[in-house]
Amino acid sequence: MINFVFYKYELNQLVEQTLFGPGHVEVTEDYLNGRIAEDLQTKLDNNTELNLYEFKKNKKGEEYSESYTNEVSMADNGIFIIQVRNNKHKTYMPKDQNIAQEVGHFPFCWVLVDTRPESKSILVQLKHDAFGNPDDVVALITTYLTRELGIASMNWVIKTTKRLCVGSIWDIVRIRTADDKDRVKTLSITVDKKRANENNE
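Parameters and conventions
- Residues numbered from 1 in each chain as written.
- Predicted model: local features only at pLDDT ≥ 70, side-chain atom pairs only at ≥ 80, totals over all residues.
- Heavy atoms only, no water.
- Helix = DSSP H or I, 4+ residues; strand = E, 2+ residues; numbered from the N terminus.
- 1 Å grid on protein atoms, 1.4 Å probe; cavity = no way out; pocket = protein on both sides within 12 Å on 5 of 7 lines; lining within 4 Å.
- Points joined across faces, edges and corners; volume = space filled by probe spheres on them.
- Nonpolar A, V, L, I, M, F, W, Y, C, P; charged D, E, K, R; others polar.
- Expected span 1.5 Å × (residues − 1).
- Buried < 20%, exposed > 50% of the residue type's maximum accessible area, 1.4 Å probe, protein only.
- Polar contact = N/O pair within 3.5 Å; in protein donor to acceptor, adjacent residues only side chain to side chain.
- Phe/Tyr/Trp six-rings, centres within 6.5 Å; stacked < 30°, edge-to-face > 60°.
- Lys NZ or Arg CZ within 6 Å of the ring centre and 35° of its normal.
- Pairing = 2+ DSSP bridges.
- Patch = residues over 30% accessible without salt bridge, like charges linked within 9 Å, V, L, I, M, F, W, Y side chains within 5 Å.
- Areas by Shrake-Rupley, 256 points an atom, 1.4 Å probe, with all protein chains shown as cover.
- Salt bridge = Lys/Arg side-chain N within 4 Å of Asp/Glu carboxyl O.
- Core = buried A, V, L, I, M, F, W, Y, C linked by side-chain atoms within 4.5 Å.

Re the environment of Leu-126
In this fold, Leu-126 is placed in the loop between strand S9 (121-125) and helix H2 (134-148). Along the chain, Leu-126 and Cys-109 lie 17 residues apart, while their C-alpha atoms are 7.5 Å from each other.

Shown next as structure tokens:
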């Protein structure tokens with residue numbers, strides 16, 4: 001069963017001012033959210049990756065940039081499915097050799113970004129062999145969007161809030177719709193061109 005961690009995101013203005021984007025369109029939360037959807041759709045259409053990276057330090061304390069392979073796999077009505085791979089290594093012992101060797105290992109997790117104005121949410125697959133903490137994946141996505149769209153330069157920020165529901169996508173829908181907290185009109189997910197079976201797996 002595929003389990004997800006659920007986050008809501010919002011765009012907040014740090015300094016109250018009136019700014020205008022290309023075409024003299026006023027910069028608002030709806031405008032920036034639309035830009036997020038446009039960027040993800042462009043990456044899908046052009047079959048290009050998001051420029052996901054973060055700065056780390058090696059054992060010597062030297063800073064370096066680590067990039068993460070990814071792919072916007074599909075989109076439907078403002079909902080985007082992204083595959084994000086981590087950079088890991090595995091040690092194995094080749095046949096007829098006495099010395100273990102290290103090879104690259106790139107496990108992935110699924111990320112759903114729902115840019116619809118009434119939703120604005122990010123769901124990260126809980127997959128510990130890929131990323132131990134799903135917060136790291138959300139940070140990669142939001143940092144990319146902030147940098148790529150120049151959100152910080154316009155004195156805006158993307159704020160995320162983890163909702164207290166972790167489990168299968170169906171559990172999340174049930175929890176979020178309880179007591180009229182959220183509404184779900186339709187839900188259809190296809191991964192690798194295969195739909196979930198009757199056990200939701």
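Things to note about empty space enclosed by the protein
To find the voids left in a structure, one rolls a probe of water-molecule size over its atoms. Counted under the stated rule, the structure contains one cavity of 30 Å³ or more. One number sums up the size of the largest cavity: a volume of about 30 Å³. If you go around the largest cavity, the residues you meet are Tyr-9, Ile-36, Val-113, Ile-122, Thr-142, Leu-145 and Ile-158. Looking at the lining of the largest cavity residue by residue, the class counts come to six nonpolar, one polar and no charged.

Side note on helix H1 (residues 29-46)
Compared with an ideal rise of 1.5 Å per residue, which puts 18 residues at 26 Å, H1 spans 26 Å between its outermost C-alpha atoms and is within 8% of the ideal. Where H1 is concerned, the buried positions are Tyr-31, Leu-32, Asn-33, Ile-36, Ala-37, Asp-39, Leu-40 and Lys-43.

Some details on H2
Given a rise of 1.5 Å per residue, 15 residues ought to cover 21 Å, and the 21 Å separating the end C-alpha atoms of H2 matches this to within 8%. Turning to H2, its buried residues are Pro-134, Val-137, Val-138, Leu-140, Ile-141, Thr-142, Tyr-144 and Leu-145. Between the side-chain oxygen at the start of H2 and the backbone nitrogen of Asp-135 there is a gap of 2.9 Å, and the oxygen is on Asn-133. In the stretch just after H2, Gly-150 is the one whose phi turns positive, near 65°.

A word on the packing of aromatic side chains
Tallied over the entire structure, the rule returns three aromatic pairs. Their ring planes at 45° and their centres at 6.0 Å tell us that Tyr-68 and Phe-131 sit as a pair that is tilted. Note that Tyr-68 is positioned in the loop between strand S3 (63-67) and strand S4 (70-76) and Phe-131 in the loop between S9 and H2, a separation of 63 residues in sequence. A residue is classified by how much of its surface remains accessible, and Tyr-68, at 3% relative accessible area, is buried. Positioned above the aromatic ring of Phe-108, the side-chain terminus of Lys-127 is 4.2 Å from the ring centre.

Quick notes on the pairing of S3
As paired strands, strand S2 (residues 53-57) and S3 are joined by five bridges and run antiparallel to one another. When the sheet's bridge partners are listed, Lys-57 is paired in S3 with Glu-63. Between the end of S2 and the start of S3, which pair antiparallel, lie five residues, with Gly-61 showing a positive phi angle near 85°.

Focus: a nonpolar patch on the surface
A cluster of nonpolar residues, Leu-14, Val-15 and Val-157, forms a patch on the protein surface that exposes about 250 Å² of accessible area. Tracing the sequence through the fold places Leu-14 in the loop between strand S1 (3-13) and H1. Among the residues examined, Leu-14 registers a relative accessible area of 60% and is labelled exposed.

Comments concerning the nonpolar core
What tends to happen in soluble globular proteins is that the nonpolar side chains get buried as a cluster. Grouped together as the largest cluster of nonpolar side chains are 35 residues, with contacts concentrated most on Ile-82 and Val-111. Where this core is concerned, the elements lending two or more residues are S1, H1, strand S5 (79-85), strand S8 (108-114), S9, H2 and strand S10 (156-168). Counting residues in hydrophobic clusters, the runner-up holds six residues, among them Phe-4, Trp-110, Leu-112 and Leu-123.

Quick word on the side chain of Asn-86
One can find Asn-86 in the loop between S5 and strand S6 (88-92). A residue is classified by how much of its surface remains accessible, and Asn-86, at 10% relative accessible area, is buried. A polar contact of 2.6 Å, which involves the side chain of Asn-86, links it to the backbone oxygen of Ala-130.

Some details on the pattern of salt bridges
Inspection of the entire model under this criterion finds seven salt bridges. The residue Asp-39 makes a salt bridge to Lys-43 at a minimum N-O spacing of 3.1 Å. Residue Asp-39 and its partner Lys-43 are located together in helix H1, separated by four residues, close to a single helical turn. Comparing Asp-39 with Lys-43, the two get one shared label, buried. Among the ionic pairs, Lys-162 bridges to Asp-135, the shortest N-O distance being 3.1 Å. One end of the pair, Lys-162, is in strand S10; the other, Asp-135, is in helix H2, and 27 residues separate them in sequence.

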